[in-house]
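Given next are the chains, with one letter for each unit.
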Amino acid sequence: MLEPEQTTFILLSFEGPDEYSQAGGLGVRVKELSRALAERGFETHLFFVGDPNLPSDESALDGRLWLHRWSQWISRFHPIGVYDGEDDKVADLNRSLPDALVKGYIEPAIAGGKTVVVLGEEWHLAHAMSLISDVLYFAGLRDRCLLLWNANNHFSFHRINWGQLSFVCTLMTVSRYMKHIMWRWGVNAIVVPNGIPGSMIARVSQAQVRAVRAAVNASAFLFKIGRFSPDKRWHQAIAAVAQLKERGVTTRLLMRGGLEPFGGEVLDFAEQRGLRVARLSTRIDDVAALAKTLKEHQDADIWNVTAFLPDDLLPVLYASATATLANSGHEPFGLVGLEAMASGGIAFVGATGEEYAEPFKNAIVIETEDAAEIVAYVNHLAARPETARNLRIAAQRTARDYTWQRVIDIFLQRLEFVALKQGLNVPSERIDTDA
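The rules behind these values
- Residues numbered from 1 in each chain as written.
- Predicted model: local features only at pLDDT ≥ 70, side-chain atom pairs only at ≥ 80, totals over all residues.
- Heavy atoms only, no water.
- Disulfide = S-S within 2.5 Å.
- Buried < 20%, exposed > 50% of the residue type's maximum accessible area, 1.4 Å probe, protein only.
- Axes fitted to C-alpha atoms, helices over the stretch in contact; angles between N-to-C directions.
- Helix = DSSP H or I, 4+ residues; strand = E, 2+ residues; numbered from the N terminus.
- Parallel < 35°, antiparallel > 145°, perpendicular 65-115°, else oblique.
- Left-handed = near helix turned anticlockwise from the far one by under 90°.
- Contact = heavy atoms within 4.5 Å.
- Nonpolar A, V, L, I, M, F, W, Y, C, P; charged D, E, K, R; others polar.
- Pairing = 2+ DSSP bridges.
- Arc of directions from axis to C-beta.
- Salt bridge = Lys/Arg side-chain N within 4 Å of Asp/Glu carboxyl O.
- Core = buried A, V, L, I, M, F, W, Y, C linked by side-chain atoms within 4.5 Å.
- 1 Å grid on protein atoms, 1.4 Å probe; cavity = no way out; pocket = protein on both sides within 12 Å on 5 of 7 lines; lining within 4 Å.
- Points joined across faces, edges and corners; volume = space filled by probe spheres on them.

So, on to the state of the cysteines. On inspection of all chains with the given rule, the structure shows zero disulfides. Unpaired in this structure, C145 has its nearest cysteine sulfur neighbour in C169, at a distance of 11 Å. Judged by its relative accessible area of 1%, C145 is buried. Exposure remark for C169: the relative accessible area of 3% places this residue in the buried category.

This next bit is on the packing of helix α3 (residues 86–111) against helix α4 (residues 126–138). In contact at an axis separation of 9 Å, α3 and α4 are set at 45 degrees when each is read in the N-to-C sense. Classed by the angle they form, the pair α3 and α4 counts as oblique. Judged by the twist between their axes, the crossing of α3 over α4 is right-handed. On the side of α3, the interface is formed by N94, P98, D99, L101, V102 and I106, while α4 contributes H127, A128, L131, I132, V135 and L136. Partitioned by chemical class, the residues of the contact of α3 with α4 number nine nonpolar, two polar and one charged.

With that out of the way, let us pick up the sheet that holds strand β3 (residues 57–60). Taken in spatial order, the eight strands of this open sheet run β3-β4-β2-β1-β5-β6-β7-β8, and their pairing is mixed. Either end of the sheet is taken by a strand with one partner, and the two such strands are β3 and β8 (190–191). Sheet contacts for α4: β1 (7–12), β5 (115–121) and β6 (145–151); angle to β6, the most-contacted strand, approximately 175 degrees. Against the sheet, helix α6 (residues 176–183) makes contact with β6, β7 (170–173) and β8, and its axis sits at roughly 130 degrees relative to β7, the strand it touches most.

Turning next to helix α9 (residues 262–272). Here α9 has its buried residues at F262, G263, V266, F269 and A270. Here the buried residues of α9 occupy an arc of 120 degrees about the axis, which is enough to place them on one side. Facing away from the buried side of α9 by over 90 degrees, the exposed positions are E271 and Q272. Against the buried residues of α9 lie α8 (234–246), β10 (251–256), β11 (277–280) and β12 (302–305). Positioned one or two residues after α9, G274 has a phi angle of 80 degrees, which is positive.

A few words on the pattern of salt bridges. Tallying each qualifying case throughout the model produces 20 salt bridges. The partner of K31 in a salt bridge is D311, with the nearest N and O atoms 2.5 Å apart. Taken together, the residues K31 in helix α1 (residues 25–39) and D311 in the loop between β12 and α11 (314–320) connect sequence positions 280 residues apart. The class of K31 is buried, set by a relative accessible area of 19%. You can call D311 partly exposed: its relative accessible area is 30%. Each member of the salt-bridge network shares a partner with another, and the members are D18, E58 and R69.

Membership of the largest hydrophobic core comes to 88 residues, with the highest contact counts inside it found for L12, I106 and W149. The element best represented in this core is α3, accounting for eight residues. Leaving out residues up to four positions away in the same chain, L12 has contacts with F47, L97, L101, V118, L119, G120, E121, L125, M129 and I132.

Once that is clear, we can look at the layout of surface pockets. If you add up the space inside the second largest pocket, you get close to 570 Å³. Contributing to the lining of the second largest pocket are 25 residues, with R213, A319, G344, A388 and R392 lying nearest its centre. Elements with a minimum of two residues in the lining of the second largest pocket: α7 (206–216), α11, α13 (371–383) and α14 (385–399). Looking at the lining of the second largest pocket, the element that brings in the most residues is α14, giving six residues. Along the lines of polarity and charge, the residues of the lining of the second largest pocket split into 13 nonpolar, eight polar and four charged.

Written out as structure tokens, the structure is:
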């Protein structure tokens, strides 16, 4: 029913692929999902709050993938990043996007005989989805589209009109853990997991791994990336570094947080524990630059990267580290853990939405917020290199089941149900062709 030549996907997200637009996993998700859909042959449009200094529209993959940077006029007044001026941008999306989307993109696609699938992401797009549904209804086009809304986290759930949203859309989320959280709001979402690009499964250069480990020059090398939020259990990670150091284990942590104020508390805590922190503010573009920078700050216990860390560097960091600390106390899915596993790394993940993780089989699942739990498992891996090797192999095997192309297979099958539920009207000539 939803063949590539007969279907257009429209993704709506606050975050997006631009450096300006990336703050967490959402930007990565929509960047990779939109690309994977286009690579599958679907015409795909991604609307997001984009860099004000880049073109408003940009295409790739022979015109199958379109990036549309919205609200750029507001972003010019908020240069720090996508969440700078957040409420003003949400208001602008609600005001300007629904009519423009329907008239400029959905109506032409339907006129061309296509079915249009619109997927809104997170609370920022919740009200816009209701407005889009209204515009489609009054244009007589609602039964030619599938409308879905996806929750990647529970942020601002209190701001969502759940009755209205679940009436106009089919609700989705990324794990059974999130599905259970959403039950508290009286809705029952469909689970479609997050994914990773198939290219992440590719073998990481061992020469680069050796170069990074040589530059780190420590018995235990820990890597942590994520927002500065208490949910990410930054204090547990910092305390683990301190405890390992107290036990005489040479340990270094490379960390990359966000712009959140909680980062100040994390750094204060590191200072209280007697750890030396080096701030790496110069952009690091490749492994050679990374190794050079680390060697220049050899006296540090913690390297705090404050510059943008290119995606290309992440696989080698995951593979080089003794452990990637994705040890969240609340994680809707845990994309960082899965990326680390895909790269042949050892992921220390939390015990919430990381449903891909099997304890001590393909990952280390951290059950508590006690730093000693991390210390115990780091020591265990150091004493049993064969365990570490087996974990890395099993992790990569599991990650293959979560490439975006595998996830899109699940998504398309879910859409068969959504089409039935929403009463999708397929043109009669399409039905004849499909039959």
